[in-house]
Structures are given as C-alpha cells and as structure tokens.
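Overview (structure and organization)
Listed below, chain by chain, are the residues.
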Amino acid sequence: MATRFHHSRAERFDSTPRWVTSAVRTRSSAEGSSSTHGFRPEAGAGGRRRKREEGKRVLFGNDMKKVDEIYYKARKILLAPSDHKAIRGKVEKRMAEEKKHREDLDAHGPEFVVLLRPHTVWEKMNVTMSCIVQGAPSPTVTWFKDGIPIKPPDAPGKYTIENKIGLQTLEISRCSPLDSGRYSALASNTHGEAWSYATILVNKYQGSDAGDSICLDSARPEPDVDILDGFAVSFPKEGGSLTLSCCFSTPLNGQSGEVIWLHDGALLKESPLVKIATSAHDTRLTLTHVYKEDEGLYTVCLFTPTGCKEHSGYVFVRDAAAAEPGAAGSPLDVECRDVDRDYVLVAWKPPSADGGSAVIGYLIDRREVGTEEWVQCNHIPEKTCKFPALGLCENHTYQFRVRAVNAAGISRASRVSEPVTVTDRTAASRIMRIWTDRGEIVVTKDELEGDVRVPFPPTQLRVTEVGQTFAALGWNEPDPRGREPLTYCVEKSVVGSESWQQASMGITVSCPRFAVTELDKGKVYTFRVKSVNKYGISQPSAPSQGIPFGQIPAAPCCPRNVVPVRDSRTSVELLWEGPEDENELIGFYIYACQVGTNNWEICNNKPVNTNRFTVHGLSPRKEYVFRVKSVSPAGLSDYSVESTPIIVDNSISLPSAPYGLTLLSSGKREMVIAWNKPKFPMGPDILGYYLDCCDAAVAEWHEVNIKPITARVYKMGNLTEGRFYEFRVFAMNWAGVGPSSAVSDQFKCEQWTTPEPGPPFHLECTEVRNSSLHLHWQPPIYTGKDEVTGYLLELCETEGGEWRAINEKPTPSTHLRVSPLDEGKTYIFRVCALNSAGAGVPSLPSDPVCALTRPGTTEMGTGVDEDGNVFLVFQCPEVTDTSEFIWSKDEQDIATPERVRVETAGDVCKLILVDPGDADLGMYSVQVTGTDGLSSSHTLTNEELQKLKELSHRKKHPVIGVKSDWAVELLDKGSVRLWLQVESLSPAAHLQLIFNQKELSSNPTHRINFDRASGLVEIIIQNFTEADQGSYTAQLQDGKATGQFTLVLINDKFRALLSECDFQRNEWRRKQGPYFEKYLSWVVTDDCETLLTCKVTNTRCQTQVTWSKDGQPLTQPTYDPNTGTSALVIPQITKIDEGVYKVVVSDERGEDTSVLKILDQVFDDILREICTIAGSTASDLKMQPTAEGIKIYSSLKYNMDYMKKSWALNNKTLESQDRRRIGSDNHEVWLQIFNPTEADKGKYTLEMFVGKLTHKRELNLSQKVFDEVIAEYQRLKQAAFAEKNRAKVAKGLPDVVNVIENKALYLSCTVSGDPSPEVCWLKNDKEVAASDNCQVTVDKTSVTFSIQKVTSQDSGRYTLLVKNKHGSESAVITVGVYKCGEEATNQ
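Keep in mind the model is a prediction, meaning the values are calculated, not measured. (Residues numbered from 1 in each chain as written. Predicted model: local features only at pLDDT ≥ 70, side-chain atom pairs only at ≥ 80, totals over all residues. Heavy atoms only, no water.)

1. As for the overall build of the protein chain
- Check the secondary structure of the protein chain and you find 10 helices and 101 strands.
- Sorting the 1387 residues of the protein chain into buried and exposed places 42% on the buried side.
- Counting only contacts in the protein chain whose residues sit at least 6 apart along the sequence, the fraction spanning at least 24 positions is 64%. (Helix = DSSP H or I, 4+ residues; strand = E, 2+ residues; numbered from the N terminus. Buried < 20%, exposed > 50% of the residue type's maximum accessible area, 1.4 Å probe, protein only. Contact = heavy atoms within 4.5 Å.)

2. With respect to the pairing of strand β94 (residues 1296-1300)
- Going residue by residue along β94, you find V1297 and V1299 tucked away on one face and V1296, N1298 and I1300 left uncovered on the opposite face.
- One ladder, built from 5 bridges, connects β94 with strand β101 (residues 1367-1378); its direction is parallel. Directly across from V1296, in β101, lies its bridge partner T1374. (Pairing = 2+ DSSP bridges.)

3. Observations concerning the sheet that holds strand β9 (residues 181-189)
- Taken in spatial order, the 5 strands make up an open sheet running β3-β10-β9-β5-β6, and their pairing is mixed. With partners counted over all chains shown, the strands left at the sheet margins are β3 (119-122) and β6 (148-149), one partner each.

4. Here's the deal with the pattern of salt bridges
- Inspection of the entire model under this criterion finds 58 salt bridges.
- For E491, the salt bridge is made with K530, and the minimal N-O distance between the two is 3.4 Å. Here K530 lies in strand β35 (residues 524-533) and E491 lies in strand β32 (residues 487-494), a separation of 39 residues in the sequence. Summarising the burial analysis for this pair, E491 and K530 share the class buried.
- In this structure, K1197 engages D1087 in a salt bridge whose closest nitrogen and oxygen atoms are separated by 3.4 Å. In this pair, K1197 sits in the loop between β86 (1189-1195) and β87 (1204-1209) while D1087 sits in the loop between β77 (1075-1084) and β78 (1090-1097), placing the two residues 110 residues apart along the sequence. (Salt bridge = Lys/Arg side-chain N within 4 Å of Asp/Glu carboxyl O.)

5. What about the environment of H953?
- Among the secondary structure elements, H953 is positioned in helix α7 (residues 942-956).
- For the pair formed by H953 and V864, sequence separation is 89 residues and the distance between their alpha carbons is 9.7 Å.

6. What to know about the side chain of D1354
- With respect to the secondary-structure elements, D1354 resides in the loop between β99 (1342-1347) and β100 (1356-1364).
- It turns out D1354 is buried and unbridged, and the closest side chain with the opposite charge, K1323, is 4.5 Å from it.
- Residues in contact with D1354, not counting those within four places in the same chain, are K1323, I1347, K1349, V1375 and V1377. (Lys, Arg positive; Asp, Glu negative; His and termini not counted.)

7. What about the state of the cysteines?
- Counting across every chain of the model gives 0 disulfides.
- Of the cysteine sulfurs around C247, a residue in no disulfide, the closest is that of C850, at 7.6 Å. (Disulfide = S-S within 2.5 Å.)

8. Things to note about unusual backbone geometry
- Residue S819 is joined to P820 through a cis peptide bond whose omega torsion reads -5°.
- For P820, the location among the structural elements is in the loop between β58 (815-818) and β59 (826-835).
- For the bond from D1314 to P1315, the omega torsion is 5°, close enough to zero to count as cis.
- Looking at where P1315 falls in the secondary structure, it is placed in the loop between β95 (1305-1312) and β96 (1318-1323).

9. Focus: helix α10 (residues 1263-1285)
- Here α10 contains 23 residues, and its C-alpha end-to-end distance of 33 Å stays within 8% of the 33 Å for a straight helix at 1.5 Å per residue.
- Among the residues of α10, those classed as buried are F1266, V1269, I1270, Y1273 and N1285. (Expected span 1.5 Å × (residues − 1).)

10. Looking at the packing of aromatic side chains
- Enumeration over the complete set of coordinates arrives at 24 aromatic pairs.
- Look at W195 and Y197: their rings are 5.8 Å apart centre to centre, the planes differ by 5°, and that puts the pair in the stacked class.
- Owing to a relative accessible area of 36%, W195 belongs among the partly exposed residues under this scheme.
- Between W576 and F588, the aromatic rings sit 5.4 Å apart at their centres with planes inclined by 70°, giving edge-to-face as the arrangement. Within this pair, whereas W576 is found in strand β39 (residues 571-577), its partner F588 is found in strand β40 (residues 587-594), the two being separated by 12 residues in sequence. For the pair formed by W576 and F588, the shared burial category is buried.
- Among the aromatic side chains, those forming a connected cluster through ring pairs are F235, Y314, F316 and F613.
- Here R182 stacks its cationic end above the ring of Y197, 4.3 Å away from the centre of that ring.
- The positively charged end of K1191 is found above the aromatic ring belonging to Y1193, 5.6 Å away from the centroid. (Phe/Tyr/Trp six-rings, centres within 6.5 Å; stacked < 30°, edge-to-face > 60°. Lys NZ or Arg CZ within 6 Å of the ring centre and 35° of its normal.)

11. Considerations on the sheet that holds β95
- One open sheet accounts for 4 strands, arranged β93-β95-β99-β98; its pairing is antiparallel. Edge strands, defined here as strands with exactly one partner in the open sheet, are β93 (1288-1291) and β98 (1334-1339). This sheet shows a mean twist of 30° between the axes of neighbouring strands, independent of strand direction.
- Relative to β99, β98 runs antiparallel, the two being bridged by 6 bridges. Paired with C1334 across the strands is I1347, a residue of β99. (Axes fitted to C-alpha atoms, helices over the stretch in contact; angles between N-to-C directions.)

12. Focus: the pairing of strand β46 (residues 659-666)
- Most of β46 sits inside the fold, with 6 of its 8 residues counted as buried.
- Relative to strand β47 (residues 671-676), β46 runs antiparallel, the two sharing 5 bridges. From the neighbouring strand, T662 faces β47, where its bridge partner is A674.
- Hairpin connection, β46 to β47: the antiparallel pair is bridged by 4 residues.

13. Remarks on α7
- Here α7 is 15 residues long and its end C-alpha atoms lie 21 Å apart, about the 21 Å a rise of 1.5 Å per residue gives.
- For α7, the set of buried residues is L945, L948 and S952. Down the axis of α7, the buried side of the element spans an arc of 60°, and every buried residue falls inside it. Set apart from the buried face of α7 by more than 90 degrees, the exposed residues are E943 and K947.
- On its buried face, α7 sits against β62 (861-864), β63 (870-875) and β68 (935-940). (Arc of directions from axis to C-beta.)

14. What about the side chain of R1220?
- With respect to the helices and strands, R1220 occurs in strand β89 (residues 1220-1224).
- Relative accessible area serves as the criterion here: at 11%, R1220 is assigned to the buried category.
- Polar side-chain contacts of R1220 include one of 2.7 Å to the side chain of D1240.
- In contact with R1220, other than residues within four places in its own chain, are L1209, L1214, E1215, L1231, Q1232, I1233, A1239 and D1240. (Polar contact = N/O pair within 3.5 Å; in protein donor to acceptor, adjacent residues only side chain to side chain.)

15. Some words on the confidence of the model for the protein chain
- Taken over all residues, the pLDDT of the protein chain has a mean of 83, while the share at 70 or more is 90%.
- Segment residues 1-59 is flagged for pLDDT under 50; beyond a separation of four residues in sequence, or across chains, it makes 64 contacts in the model.
- Confidence over residues 205-221 falls short of pLDDT 50; this stretch has 33 contacts with residues more than four positions distant or in other chains. (pLDDT = per-residue confidence, 0-100.)

16. Examining the environment of V1144
- Positionally, V1144 belongs in strand β83 (residues 1139-1147).
- Sequence-wise, V1144 and T1106 are 38 residues apart; in three dimensions their C-alpha atoms are separated by 5.3 Å.

Structure follows, in structure tokens:
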C-alpha cells in the first residue's frame, strides 16, 4: 500500500462528533451523492450502504425535512474552522477535575491506630502518654486535661508535646496528685476529627507508708516494662543469618506493652527473609539470609503505658568469600526505574570491595518471575551503575541482578531486585472516570480525540541517560495520539552530517523510551523519532541536542578533612567533608587500618549518606587511621587523605546518674545513706559525689556537702526525729557534674531498735563467666543486738522468676562464687545478714547480670620470665588510659606488699613474687577499673608453686632448650634416621655423640650431621641391625648453656623399629617384581554373594596368579591381566568356606603373597554384612492359606541363621509351638498357623536382627481378610484330606523286570487308602484273570502278583490299578522274558 507523507491537518484529525457523522451518512445515502472533502474516507462505505438499503425505505415529507436540517447543521459545523486548543483545554480541565476527585476519594478523616492507655504512677515520677494517629491530609493533635486544652508555655517544664512521624507524645514531669485526671487527644483535619481518652492516677507515697491518693480506676499501678539485655553491634556475614533479641524487665501482657522493629527508621514486617517473634519475656528479629542491603541501624520500640522505650544497634554486613580469588564484592540496592511496555532502567550501587583491582564494569541478568533461568542482558560490561533493559514482553513480570567485573573475574550476584511488571505507564492517564448520580462513567482520551489517520510526530525528545555502551532516550507521545496502536522509529545522526540512520533496526519500539547502542566513541550524536501506525509514518520529531558519546562520566571527587573522634573503647566516630560537586552523590564508604599493619578493612558495605559515621568493631587501645571514598553512579572516588592516627578509647563525658539510694542505719538525729556508682562512662574516674537532702514536709532541696564525697556511704546528722527525708546524689568527674539520681524513697528519721542486722550494701558481680560469677558485698552498718555471724544469698531470674536460696548454710565472708548458672540467662542477687536474732532486711537487688563470658575475655595466668621471676599475669584488651589494675589476695588487700612487685605494660599487668614461698599461697584477684567490671582470679596451690620454682631455677641456670626431642624416622630401603632439634646455637657450639658409652663418629654406615643454625642433630644408619641396639646420647655445649639428650633403643622399642626396617627393606625388594597393589579383601555384593578381590601390578605376560584355601589350590578365581584384578565369588557362604585364603603372584623376578583369614571375627563380619543386605531386601509380609492352616512369610534374597528372627502378634512375642510353628529356609522366613481360630486375627510383626540393626515387616490380618483366608483354608483342607485317603501305590514295584523263561515271576507292593482300595492288574491295558499259573493275592495293604512259570507270552506292560472313592492311582511295570543264555535287555 502506498503511504502518503503530506496530508492536510483536516485529513489527519477529524473532530466531528459521531452523531454528526451518522447524519451526514444518512444524507449521502438519501441523495445518492458523494461526501464532502471532510468525509472522503467514508464515501465508499456510504455508497455501499446506499445500495444495501435501496428499495427498503423511501423518505417523504417531514422525515426528509428533518434529515435536511441535520445535514445542513453538520455541514455548517464542518466548514467552520476547528479550535483545537480549546478542545485540548477542555480535555485537560476534565482530567484535572478527575485527578482532584481521586485525591478527594483517597483523603479521609483522622483515625487512631494506637489509642491512649491509662497510667498509674507515684508522685514525682515522669509519665509519658503516647498514641499513633493517621489521616489524609495529616491531622493536627491537641491535648486536653479534664476538657481543658494543655498549653506548655503556661507551665514551663511541666509538659512536653512531640510529634515523631505520627507518634504523638505528651510527657508530664514530676507528677503530683493534682495531675490525676482524664486526658484526651483530639486529632482533626479537613475531613473530620477523632478522640482518644485515658486516665492518669498519681499515688501520693510509694511503699508501705503510702497515704491517700486520688483514685480513678485502680489503686495500684502495674510494674513498668523496660528493655534489658539489648542486642549489641553485630557483624554478620553476607549469605549467613542473624538474630537480634531483647529481654524485658517484666513479662508483657495485653496492656503493658507493644513491640515493633525498625530498620533505618522504616517499619519491618514479616516476610520469608524477616522473622519476628515476640513472647512475654523477649522479642527476636531473625534475618534468615543476610544481604548487604540489611546493613544499618536496627531499633526495637516498646510502647508501654509510661511511654516508648527504645533500643538500637548497628548491624555491619561483612562481604562473603569472593566467587573467584581477587574478584570484587557484589553490587547492592538493585532497583528498576522508568518502567514502560518493553523497557526498564536498572540502577544499582557499586560495591565497597574491589578485590585489589578496579571494577571495569557490570553484567546485568534478568529472569521472568516463576522461572529459574537467568538471561544476561549485556555482553560488554557497563561501566556506569545504570543500564536499560530492552526487548521485554508487555505485562510480564521480571527480576534483575547485577555482577561486578574486574581483572580477576566476576563477583557474586547482587540481591535480586523486587519484581516489576512492564506495562504501559500512560494507560491510566488516558482514562477519565466521572461519577454521577447514576454511577461511574468511564471516558477514554481516544474517544475525545476522534479519528487520527497518519500520526503526529512525538514531542520533547531528550537524552535521559548516557552510559559506556548506550544512550537512553525519552519522549512524549504525540498529542492527539489517535486510537490506533503506535510504534516508533528512532534515527541517529552524527552532528555535522546530513544523513540519518535508523537506530532501532529490527526492534519494535512500542513505548516512548529507547536505548541506542552501537555508537562510535568520540563522536557527537543527535537523535529524532517518528510515530508509526497502520496508516503511515509521521514527520520526524525535532532533533535532540547533540551529545558526545564515549566520554565515561567522571568518578566523584574524594572527601576531605577526615577527622576521627573517640567514641567508646571499641568504636570511633568519624567526621568528614564531602566533595564540592555532590551531583548524583550516593554516599560514602569508610576504610580503617591499624597503624603499622597496612591492612585496610572495609567499615561499611552500604553507602553512608551523611558526613558522620561511627566505626565499630575496633580493638581497644589500638591506634587506627581512616580514609573515605565517595560513591556515585559513575563509580568510586579515590581514597581521601588518611586521617590523623587515633587510639581507640572511651570519650570523656559527664557521668550518668548514681542509683540505688538505700538507708543503712538511722538514729534519732542521723542517717547513713549509701548509693551505687554511675554506670556510664566507665573510663574517667569519679572524683566525688554531691548529696542533696529534702524534708518531705517542706519540699525544699538543700546541699548536704560542699566538697565532693569520695566514698559511696555518707552519715548525715542534724536531722529532726520523726521527719521524713528524701535524698538525691550527683556524681562528678573531670568533665563536670552529671545528672542527679532518682529521688530516693522517703526515709523516716528514727532510732532503729530491731535486734536483726540492717541490709548489706554495694553488691557487685565480678568474674562473670558462662556458668559462674563472683559476688561481693559490704557488711551492714547496723548490726542489731550483736555481731553478724553470716550471710544468706538469693538469686532470681529476671524473666519473671522467684527468689531462691543460693547457700543453705550461711557464709561468714563477704564474697561468694555462685555456680552453676545457666549460660545466657540474666540474674539478680540480694544478700541478708544474720545474727543470733535471725535474718535481717535483705539488700537492694544487684544490677541484672547475664551469665555469659564476654568475647575476648582472658583468664589470669602464671609464669616465669627470662630472669627467673615467678609472676601472675592478666591481660585486659579493653584497658583505657585511666584504668588501674587492682590486685588482692584472699579478697583482702595484699598485707605484705614487700613480697610482691607490680609491673604494667600496656594492657598487661604482672604481679611478681619477690621470694616465692608458702606465704604466697592463696587466691589472687585482679580488677581493672574503667572496663565495666573486667576481672579474674587464680588460686595458687603448693603444687603449682613448686613447678614454677623449678622453672625459675632452670631460667636462672640456663640449659639448651629442645624444640623436638629424639625422634626416629624410617627412610627408603629400610634406612633409619635418628634426629634431635634444639634451639638455634652459635657457630662455636660443640656436639659429642655417645653410643653405649663409646664416642660415635661419622662413617659410611653411620653418617652424622650437625646444623648449628637450626639446632638439628641427625644420625643416618644405612643398615639397621641388632648391633645398633643401645642408648644414643647427644652432649651439647654452647657457652654456659649445656644440654644432654638421650635416646634409648632397647627391648620392645628396638624390636619394633628393627621389624619395621626389615619390613621396609622387604617392601622394597617385593616391589622389584610383581606385587599386590591392593591386598586380598572381601566385600558382600547386592546379591548377597561374598566377593574376594585383590589387585596386582608391575606384571608381565609370564606373571601367574594362583589361589589356595587351607593349602588346597582353587580353580574358581578369575584374573584380568589388563587391570590386574583377580576375584573369587562365593555364592552362599557357609562354615565350609571358613579358612585361610592365599593368593600368590609370581614370575621370574620374584613373587608376592596376600593372605586373608576368613575365621572367627572376620567370618562373623561377613555374615553380619550379608544379613544386613539380605534383611533390607526382605519383602512385605505375605499370607498363603494351606491345608494345615495359614502361612505368613517374607521373601528375601538370602536367609541365614546368623540373622535372628522374632514374630509378634499384636505386639506380643510368639514362640514356636504345636499350633504356631516358626521356620525359614534360604529364601523365606515363615510362620505356620495350624487350625486357625479367631484368636489368630490381628497385626503380625516380623523383626530380623543383625547386631544393633533391625529390619521390621508387618501384616494386618483384619476380619475380612481372615474370613477369606479361612474359606480358602477349609477348601485346601478338604482337598488334602481327599489326597491323603486316596488309593495309592506306596512302594515295592520296580519299573522293569527281566525273568528267565520257565522261571517264576513274583511282584509285591504296598497300597494305601481309606477305605481300602480295590486292586486290579492289567496286562497291556487288559485285565489279567487269575489261574493256576497266575495268581493275585491281596492281604490288607499288601498286594502280590505271581506267575509260576513264565513264558515268552507273559512279556509285556503290566499295570497295577488301585482305586477307592477318593481317587485312584496306577503303577506300570515292564516284564521281559528271555531264554537262558541270552542277555536281558531293558525296554
């Protein structure tokens, strides 16, 4: 079909409404004339319709007038110029109204996802109310108390209102009873409002002295829930799994808490790769397969009545092992953009590890969802981190992955992208939905555009991406588009030339996106696009701007000013400035190196998009430098300049608040208060404490001390008896004064008169290990009526357990080692003191402690240095600049410091015993300050001390150290090497060898080698014989150091060595001729045959292989000269086959022998193996009715008595007896049941035992089966009875009888049958009549046939026929008569 490229606008776009077209067609039919210019394409159709309708209807009068009016109105409309801009404006207005309508439908009023919850707290506590609200647009939240709006400026510091991404919180500080009431939150937006209500109850006092309070719903609050034992920083490996867990201080219930998990602030939900499990005691997050994308900050949020508790920890994902040595790491964050009908732009982030050589590009793979086949999209690696995937099938769903390529090879594949379905993304924009009272009306843009013939050209052509191998284009569809499907033709041209080439040759471009490939590097290209439909091709679009191809985008500039800052003892906070040009910057990769190692490690595998990062997992007290790379789609930048070195240690910060204020003693005007030291920071020392006191009646705080208190116990005087007092404590270090502790309980100032002692205090746990810990405490200040005699300890699991006693008998000391403990569980402890009056008040519970050995923990050890000093040593990798090693002996300060000396070097501390003796025995302990309680202990016993003193003596009086004592090695041909290695000696070292008290010198049969540099002494004996038995002594001297080393080769040791030498010599000789590569061995085949095999080598044509058993030659074995394999098959091994099997291979060069003894244990092993295989081949139990009863059996390849069998009915063992007999043969195992009854129904089990292995087979004999079997049994029984009583010829008749003529013939036999059978003799099938010469006698069961004088006429075939009512039987005898002198012949 010819295509026209020049049409008027009226021909391309017909905006005439359909009803007008219909009217014009009617007019054309009536007048029989052709249409006007605007309707030329319809002329043929109108003419055909006129012919079809001719003769059917004729218009007259008013009908013809109406048609004329419609026709002229339509003609007027068509001749009027069309205003396309107005039409387009109406369409765009309609679409904007539709979009706004959709937004109005999506919008909704506010809704509370998490409602407010009631709270009950004690006065002077803080309380936080929280809720989560949603709505579109985002609602505003207003807080009310008892219906009155809460305005924080009216009460500064009292109320804090926050909005954390939908989480609305109201915090009330230091509650008082006046804060009790009904609180509400009002959420409102333009679509409505929503309310949530909750009450707060504030109790006046805490404890047993609680007074009146304002009560709304409950008089007692539920215990608040907090997060304990939160997860730490984790370092999982790519491809592995990871579990993060947190424990709760008290069990959760339906009202006390709700848990969510976040990853980098995004909510985590259950998926095949993410598992979340929350119980009453803990919550766990499990990543079943860790990818680099999983790196980041993980947060667990616990929503409680008092607010939201959070715990966070960073997860660093380490690279998996490279797919090939030196290959780069896998790319990450693969995503799909610009999705259209057949086009997807795949983007990703480059890996942090390049494997030692730069990444030269990436390979992109795709697969359809539901298939496992990956198809590579590009054959030339793409340098940039973007690639367009073409040739996709519309409405199909795809996934993508990326692999990095460097000089060493191809990396592991990235994580698979999310599935993406390629569809027409403009389809939704061409549809309008109008809602009316009658429902929804769907209008497509195609219906408004009318008929478009030859399409318009595309518009706004642009180059969206330029890569190493492609240039991605995008454009807008022509407007109007028309109803016909559109495709596009893309053309390219080099700037400066006038020629255009088709860039989409052979490719159907069905969407307004395309990637042009096969471009020449260094040239500047421009592009244009044409629209194509079934009517023709449009004019080309306006050319795009010229773009140079082949210029790879430059990598980003490197970061600047990398500054490390101390953070903790295992982490450093890093700050830097990004590059000046941050165009398309993705983030940064950080690298760390320990000074002096030149080993750079990757700190993050997921780019950091901020200029600050905390590097974890560093070694404490080690010096590190850092550098940073910028990341962009163009790749990685160069390394930044290295940072200044920094030693990893804790930063100096204010101490946290002290806690655990407790009353130790009270008098009329004084109190003794104690508290626990702050938990953080652990580094800087606490310089002192400040104590504040408050009279509860006055409610005014005043300072107790002006100068800081160094102790954690303080006696306060000048108090008023009978008054209640509150206390709080501040800690101070070099950074300043930290926050105050929580306000203590109200303590009453009164004289204590109880006879029991007061509470112990300052409980501390040291030496925490997986199953034990050491507990220390201070004795009570108030002892009661007399001295404290001991202490009772209790523990409690923090996961809701009860207190239980640790020691049944009181311990008199103020320390105790607690064991055993359950590894990984968290415990708290308390102690109470005892005196003669009984047990006193228990101490405050200790801090929760997890029974788990901290990674990297070392134990205290002992040793002797080079100077001979005996010492105890402890290494603490987490030591800080301000840490101190505090030593003690038997839980007391060392009473004799003159006997010890302490030396500290870095993280190692030694306690040197100046003069070791009995006074130094005992338990030594060491604690390291500023390390969160790192400690260790060691008990020095007398035995250990004596060993250390011996070692000390050897150090002070040096001897030559031995690396390897005398050793014996066998060399080729039976030679022996005796060797000894000591530490390296000087060139002046001297050696003297003594053999059996005679000096030994080097000779041809005994060669001596002495290497002073390596300290090696060796004697090589060429022919080891009986004469070499004795002792060998090496006497060494190197300066003052001496050494004497003796090797004794006598008796059994010598005999074994001599035997081995002879064996080696014989082996060497043996292998000079044919010999056994594999000695004779046995194996059991699947057919339960025993196969004896051996293999010979170094054979010739003359080589012979002979077998024998117990000295008797065997002819059955086979021999294959090609493979050297010889075999003997024993089909069914029995006791006869026991014996000694011998195989000899020989020729003129010599012979070799292999012997296999199939006796005793070996024979049993073979039987066991046969039974094991045979038992596995046993069939299922089968049932066979017989004349005697029922036979239950199992068939197997081979059965032996070695395999024990056991039968059971309904799990009760059956024994062989008269009615049930158990038996077997070579291929069957059976159970015969005689005269079966109803008791024989049930489940039969056959168990075959081979050692510890059991083969079990079962058969269920149900009622239905049993009835069928009984019927068959009765039939067979009757048949057997008939067979038993049938007339039979039992015995006595021969087959052939030869008799001499005129002699007598006498035949006799026994017959049986019930009733007695009838007897009849036949000769040649005719009955024989009795006569004087021929007589037949029947006597009960004996039958006799005789002929007194035989003649030749008596020759023939005689038949004895017996019969009764049960059946008959016959016996045939051939009688031959011959004359005297003739030879008898058998016929």
